[in-house]
Amino acid sequence: MENIAEKLVENPLPQSETKVKLNLGCGHAILKGWVNVDKYNPLAEVKADILKLPFASNSADEILLSHVIEHITWRKHVDVFESLHLILKMGGKLTLAYPEFEKCALNFVNNKGGKKWSWWIQTLYGMQTDPGQFHVAPIVSEHLKDQLTEVGFTSFELTEDEADSCLTCIKCKPLPWY
């Protein structure tokens, strides 16, 4: 890979025909064809805290946060979404995967599948095996959509399973203060 990660940090618009896709908070999930960004994983191409991303405005076509937002205090969510909105190109796609708090809490309380202490507790509190592996904010899709709408995202698509939700949205307009 021609070091697109360095180009993104140094130049607002990399000279490339390839779509720029950022895998933020990648952890151990290194994705081929993506710029993998993580504060803790030494294998990530870019070492960065999601609260202080080094990317230029309008530099990414797609951003993925897979099981990341629940690791950020809820008071910082709008700040993070504003930052992602700035980094995405107009029409760019943001995808967030996260444990749906209400489902996970019910599954824990009801001991679904007999996994109360082996699985459901981790969906609520995080794995807690490494730095950054602690859940600090319960995520509810309805509230998340409201926050994303507030900063200029639209065209929501929600998919769900027994514990997780995946919300995809599109940057459709500039932030209100542009």
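If you're wondering where the values come from, they're calculated on a predicted model, not measured in any experiment.

Overview of the overall build of the protein
Assigned secondary structure in the protein consists of five helices and seven strands. Reading the secondary structure of the protein in the N-to-C direction produces α-β-β-β-β-α-β-α-α-α-β-β. Per-residue burial for the protein yields a buried fraction of 42% across its 178 residues. Contacts in the protein between residues far apart in sequence, at least 24 positions, make up 62% of those at least 6 positions apart. Summing over all exposed atoms, the protein offers an accessible surface of approximately 9800 Å²; the carbon and sulfur share of this is 54%.

Digging into the sheet that holds strand S2 (residues 35–38)
The strand order S3-S2-S1-S4-S5-S7-S6 describes an open sheet built from seven strands, whose pairing is mixed. Strands with a single pairing partner mark the edges of an open sheet, and in this sheet they are strand S3 (46–47) and strand S6 (153–160). As defined by bridge partners, strand S1 (residues 21–24) adjoins S2 across three bridges and the pair is classed as parallel. Its bridge partner lying in S2, Leu22 is registered against Val35. The strands touched by helix H5 (residues 141–150) are strand S5 (88–99), S6 and strand S7 (164–171); relative to S6, the strand with the most contacts, the crossing angle is about 160°.

Digging into unusual backbone geometry
Even without being glycine, His67 reaches a positive phi, approximately 55°. Among the structural elements, His67 can be located in the loop between strand S4 (60–66) and helix H2 (77–87). For His67, a relative accessible area of 31% puts it in the partly exposed group. The phi dihedral of Asn111 falls on the positive side, at around 50°, and the residue is not glycine. When you line up the elements, Asn111 lands in the loop between helix H3 (101–109) and helix H4 (116–125). Judged by relative accessible area, Asn111 falls into the partly exposed class, the value being 35%.

Reading guide: rules and limits
- Residues numbered from 1 in each chain as written.
- Predicted model: local features only at pLDDT ≥ 70, side-chain atom pairs only at ≥ 80, totals over all residues.
- Heavy atoms only, no water.
- Helix = DSSP H or I, 4+ residues; strand = E, 2+ residues; numbered from the N terminus.
- Buried < 20%, exposed > 50% of the residue type's maximum accessible area, 1.4 Å probe, protein only.
- Contact = heavy atoms within 4.5 Å.
- Areas by Shrake-Rupley, 256 points an atom, 1.4 Å probe, with all protein chains shown as cover.
- Pairing = 2+ DSSP bridges.
- Axes fitted to C-alpha atoms, helices over the stretch in contact; angles between N-to-C directions.

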